[in-house]
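Here are the chains, one letter per residue:
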Amino acid sequence: MLNRIILMGRLTRDPELRHTQTGTAVASFSLAVDRDFKDKTTGEKATDFIDIVAWRQTAEFVSRFLTKGRMAVVEGRLQLRDWTDRDGNKRRTAEVVADNVYFGDSKRDAEGGYSAPSGGYGTPGGYAPPAAPVGGGYSAPAGGDQFAELTEDDGELPF
């Protein structure tokens, strides 16, 4: 049997980070995911709002680096959960339990809603620093000690 889901959408709110009684991190957020087709009568794409739950390191990552409006890619499984509301009515909720969460946009695309951590870009989530300019070396951004400056290019490939 297979229960796999991959979604790409924008966060509808900032993730909410909580901890269980044993200290396990859990984050909840929602994604607005556009459908691939347009409605015939309105010509608009419908949007689904999907609840996501992330646990442990994934929850910590989501709460630190993702904010409302950021594009995210979520890989996980669909889970149905039964619960009882305050009035005693039985309810059922569908949510995605995230195994992996990645940035769906670049830092530049998310201007204003995201600031890079002071420790650099070596965090999970799919963001990579910009490539070296054509025909020259790459020098690290100010304050970034994780890159070495390339001064020569002998044209030899290492393979």
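This write-up is about the structure you can find in this document. Everything quoted here is computed from the prediction, not taken from an experiment.

1. Overview of the environment of isoleucine 6
- The residue isoleucine 6 is located in strand E1 (residues 5-11) in this model.
- Placed 72 residues apart in sequence, isoleucine 6 and leucine 78 show a C-alpha to C-alpha distance of 9.9 Å.
- Apart from residues lying up to four places away in sequence, isoleucine 6 is in contact with Val73, Val74 and Glu75.

2. Examining the packing of aromatic side chains
- Enumeration according to the criterion identifies two aromatic pairs in this entry.
- Put simply, the rings of Phe61, Phe65 and Phe103 touch in pairs and so form one group of aromatic residues.

3. Thoughts on the nonpolar core
- If you look at the biggest cluster of nonpolar residues, it comprises 20 residues, and the most contacted ones within it are Phe29, Leu31, Ile52, Leu66, Val74 and Val101.
- Those elements giving two or more residues to this core turn out to be E1, strand E3 (25-38), strand E4 (45-55), helix H1 (56-65), strand E5 (71-84) and strand E6 (90-103).
- Leaving out residues up to four positions away in the same chain, phenylalanine 29 has contacts with Leu11, Arg13, Pro15, Ile50, Asp51, Ile52, Val62 and Val74.

4. A closer look at the environment of alanine 54
- You can see alanine 54 is positioned in strand E4.
- When its relative accessible area of 0% is taken as the criterion, alanine 54 is described as buried.
- Here the alpha-carbon distance between alanine 54 and alanine 25, two residues 29 residues apart in the chain, equals 8.3 Å.

5. Considering the side chain of serine 28
- Locating serine 28 in the fold gives a position in strand E3.
- Serine 28 gets classed as buried once you look at its relative accessible area, which sits at 13%.

6. So, the pattern of salt bridges
- Evaluation of the coordinates by the stated rule reveals nine salt bridges.
- Notably, a salt bridge pairs aspartate 105 with arginine 10, separated by 3.9 Å at the nearest N-O pair. Of this pair, aspartate 105 sits in the segment after E6 while arginine 10 sits in strand E1, and the two are 95 residues apart along the sequence.
- Aspartate 105 sits in the buried class, given a relative accessible area of 10%.

7. Re the pairing of E6
- Note that E4 and E6 share three bridges and pair parallel. Looking at E6, one finds that valine 53 is bridged to valine 97.
- As judged from the 13 bridges shared by E5 and E6, these two strands associate in the antiparallel manner. Counted as the bridge partner of glutamate 75 is asparagine 100 from E6.
- Hairpin geometry of E5 and E6 is characterised by an intervening segment of five residues between the two adjacent antiparallel strands and by a positive phi of about 85° at glycine 88.

8. With respect to the layout of surface pockets
- One number sums up the size of the largest pocket: a volume of about 240 Å³.
- Around the largest pocket, the lining comprises 15 residues; the ones closest to its centre are Arg18, Ser28, Val53, Arg81 and Glu95.
- With four residues, E4 is the single largest residue contributor to the lining of the largest pocket.
- Among the residues making up the lining of the largest pocket, the classes are represented as six nonpolar, three polar and six charged.

Rules of the game
- Residues numbered from 1 in each chain as written.
- Predicted model: local features only at pLDDT ≥ 70, side-chain atom pairs only at ≥ 80, totals over all residues.
- Heavy atoms only, no water.
- Helix = DSSP H or I, 4+ residues; strand = E, 2+ residues; numbered from the N terminus.
- Contact = heavy atoms within 4.5 Å.
- Phe/Tyr/Trp six-rings, centres within 6.5 Å; stacked < 30°, edge-to-face > 60°.
- Core = buried A, V, L, I, M, F, W, Y, C linked by side-chain atoms within 4.5 Å.
- Buried < 20%, exposed > 50% of the residue type's maximum accessible area, 1.4 Å probe, protein only.
- Salt bridge = Lys/Arg side-chain N within 4 Å of Asp/Glu carboxyl O.
- Pairing = 2+ DSSP bridges.
- 1 Å grid on protein atoms, 1.4 Å probe; cavity = no way out; pocket = protein on both sides within 12 Å on 5 of 7 lines; lining within 4 Å.
- Points joined across faces, edges and corners; volume = space filled by probe spheres on them.
- Nonpolar A, V, L, I, M, F, W, Y, C, P; charged D, E, K, R; others polar.

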